Amino acid sequence: MPTPANAASLRELIARARRVALFTGAGISTESGIPDFRSPGGIWTRMAPIDFQDFISSEEARREAWRRKFATDPTVRAAAPNRGHRAVATLVRQGKAGAVITQNIDGLHQASGIPDRQVIELHGNTTYAHCLDCGERYEIEALRVQFEKDQTPPVCLCCEGLVKTATISFGQAMPEAAMLRAEAETKGADLFIVLGSSLVVYPAAGFPAMAKHHGAALAIVNREPTPLDDIADLVLHEQIGDVLGTAVGVN
């Protein structure tokens, strides 16, 4: 359980704020059982991530990317929003926050009840796939059934373009529209709350410093220290669900 004074400090910051920007990272979803790929023992410590250009140029790289996707997909599909997700959804529903900016790709914010239009996904979404050429959407389960027949990476039925999960891979350009929306949310906030991000992956991790530069208070809730702890107004090394849930009044 969180220290009562810590939850109270976060509650006071939220109560005083006119507009809150919420920024979530892997830490909020590890509390739902989804592993942090970057942490010790995570997938990326055992095998290198597949670069976007390799995905484009190599059928074997695409095959390996889809093998990994289908191996990890049961964990993502089994995960459910936790108390932290529900507390974030409450702040959005109350209008305290206009949207949630997330580095996560698991769709749990949408599953918690936040409309898709109010989830700003900086790294995309792994719960569906799309054609890199025409944008046609594909559901993961249908692709899995086809892939298991002959291990052939999927291609678009409309234009024969390459089909990829709707995530942003290493070497792939960040989504311009999402970045612009995140910047607008950041600059419009007088309180910026980081929830479960190590703040080492840029350019996404630049938003908290941007908020501080524009006069917002900065609160960081993360189990481990971050590079921006020294400039934050409040730093809590606690479970997100416990401390934010208590601060917002969500069970």
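The shown structure was predicted, so the numbers you read here are calculated from the model rather than taken from an experiment. (Residues numbered from 1 in each chain as written. Predicted model: local features only at pLDDT ≥ 70, side-chain atom pairs only at ≥ 80, totals over all residues. Heavy atoms only, no water.)

Novice: So, the layout of surface pockets: which residues are in play, and what are the values?
Specialist: Taken as a whole, the second largest pocket spans an internal volume of roughly 300 Å³. Looking at the lining of the second largest pocket, the elements with two or more residues in it are strand E3 (119–121), strand E4 (124–131), strand E6 (163–167) and helix H9 (176–187). Of the residues forming the lining of the second largest pocket, the biggest block, four residues, is contributed by E4. Each residue belonging to the lining of the second largest pocket can be placed in one class, and the counts come to seven nonpolar, five polar and four charged. (1 Å grid on protein atoms, 1.4 Å probe; cavity = no way out; pocket = protein on both sides within 12 Å on 5 of 7 lines; lining within 4 Å. Points joined across faces, edges and corners; volume = space filled by probe spheres on them. Helix = DSSP H or I, 4+ residues; strand = E, 2+ residues; numbered from the N terminus. Nonpolar A, V, L, I, M, F, W, Y, C, P; charged D, E, K, R; others polar.)

Novice: Provide a residue-level description of the nonpolar core, including the pertinent values.
Specialist: Counting 31 residues, the largest nonpolar core has Leu10, Leu22, Ile193 and Leu244 as the members making the most contacts within it. Of all the elements in the fold, those that place two or more residues in this core are helix H1 (4–16), strand E1 (20–24), helix H6 (83–93), strand E2 (97–102), strand E7 (191–195), strand E8 (217–221), strand E9 (234–236) and helix H11 (240–248). Of all hydrophobic cores here, the second largest spans 22 residues; its members include Ile101, Ala189, Phe207 and Leu218. (Core = buried A, V, L, I, M, F, W, Y, C linked by side-chain atoms within 4.5 Å. Buried < 20%, exposed > 50% of the residue type's maximum accessible area, 1.4 Å probe, protein only.)

Novice: For the pairing of E4, give the residues involved together with the corresponding values.
Specialist: A regular strand places its side chains on the two faces of the sheet in alternate fashion. Bridging between E4 and E6 involves five bridges; their strand directions are antiparallel. In the strand pairing of E6, Ala129 is matched with Thr165. Where E4 meets strand E5 (residues 137–139), three bridges bridge the pair, whose relative direction is antiparallel. Each residue of the ladder has a partner; that of Tyr128, found in E5, is Glu139. Between E4 and E5, which pair antiparallel and follow one another directly, the connecting turn spans five residues, one of which, Gly135, has a positive phi of 85°. (Pairing = 2+ DSSP bridges.)

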